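Listed here are the chains, written in short residue letters.
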Amino acid sequence: MNVLLLVIPIALALGTLGLFAFLWALRSGQYDDIEGAEYRVLHDE
């Protein structure tokens, strides 16, 4: 039972960290042009 006192806060902290990383990726434009990347890989300049 004492293990839960350690595991639950760690899980909440990791979840919060993942949420902030996802929100940062959204704001920095990582997901703006999802379909364009697949065409740029095939296009040889």
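Here is what the cut-offs are and how they apply
- Residues numbered from 1 in each chain as written.
- Predicted model: local features only at pLDDT ≥ 70, side-chain atom pairs only at ≥ 80, totals over all residues.
- Heavy atoms only, no water.
- Helix = DSSP H or I, 4+ residues; strand = E, 2+ residues; numbered from the N terminus.
- Areas by Shrake-Rupley, 256 points an atom, 1.4 Å probe, with all protein chains shown as cover.
- Phe/Tyr/Trp six-rings, centres within 6.5 Å; stacked < 30°, edge-to-face > 60°.
- Buried < 20%, exposed > 50% of the residue type's maximum accessible area, 1.4 Å probe, protein only.
- UniProt positions renumbered as here; feature names shortened; annotations may be inferred.
- Patch = residues over 30% accessible without salt bridge, like charges linked within 9 Å, V, L, I, M, F, W, Y side chains within 5 Å.
- Salt bridge = Lys/Arg side-chain N within 4 Å of Asp/Glu carboxyl O.
- Expected span 1.5 Å × (residues − 1).

What follows covers the overall build of the protein chain. If you tally the helices and strands in the protein chain, you get two helices and zero strands. Roughly 4500 Å² of accessible area belongs to the protein chain as shown, and the carbon and sulfur atoms make up 67% of that amount.

Our focus in this paragraph is the packing of aromatic side chains. Counting across every chain of the model gives one aromatic pair. Ring geometry for phenylalanine 22 versus tyrosine 31: centroids 6.0 Å apart, planes at 50°, classification tilted. Judged by relative accessible area, which is 41%, phenylalanine 22 ranks as partly exposed.

What follows is about the UniProt feature "transmembrane region" (unreviewed entry) in the protein chain. Look at the UniProt record and you will see "transmembrane region" (unreviewed entry) annotated at residues 6-26. Helix makes up 100% of residues 6-26 and strand 0%, and the two end C-alpha atoms of the span are 31 Å apart.

Counting through the fold element by element, glycine 29 comes out in the loop between α1 (2-27) and α2 (34-42). Separated by twelve residues in the primary sequence, glycine 29 and leucine 17 have C-alpha atoms spaced 19 Å apart.

It is worth spelling out a nonpolar patch on the surface at this point. A contiguous nonpolar patch, built from Leu19, Phe20, Phe22, Leu23, Leu26, Tyr31 and Ile34 and spanning about 690 Å² of accessible area, is present on the exposed surface. Of the residues forming the nonpolar patch, the biggest block, five residues, is contributed by α1. Along the chain, the position of leucine 26 falls in helix α1. Since its relative accessible area comes to 40%, leucine 26 is described here as partly exposed.

The next point concerns α1. Note on helix geometry: an α-helix contains 3.6 residues per turn, so any two residues three or four positions apart are oriented the same way. Here α1 is 26 residues long and its end C-alpha atoms lie 39 Å apart, about the 38 Å a rise of 1.5 Å per residue gives. Glycine 29 sits one or two positions beyond α1 and adopts a positive phi of about 90°.

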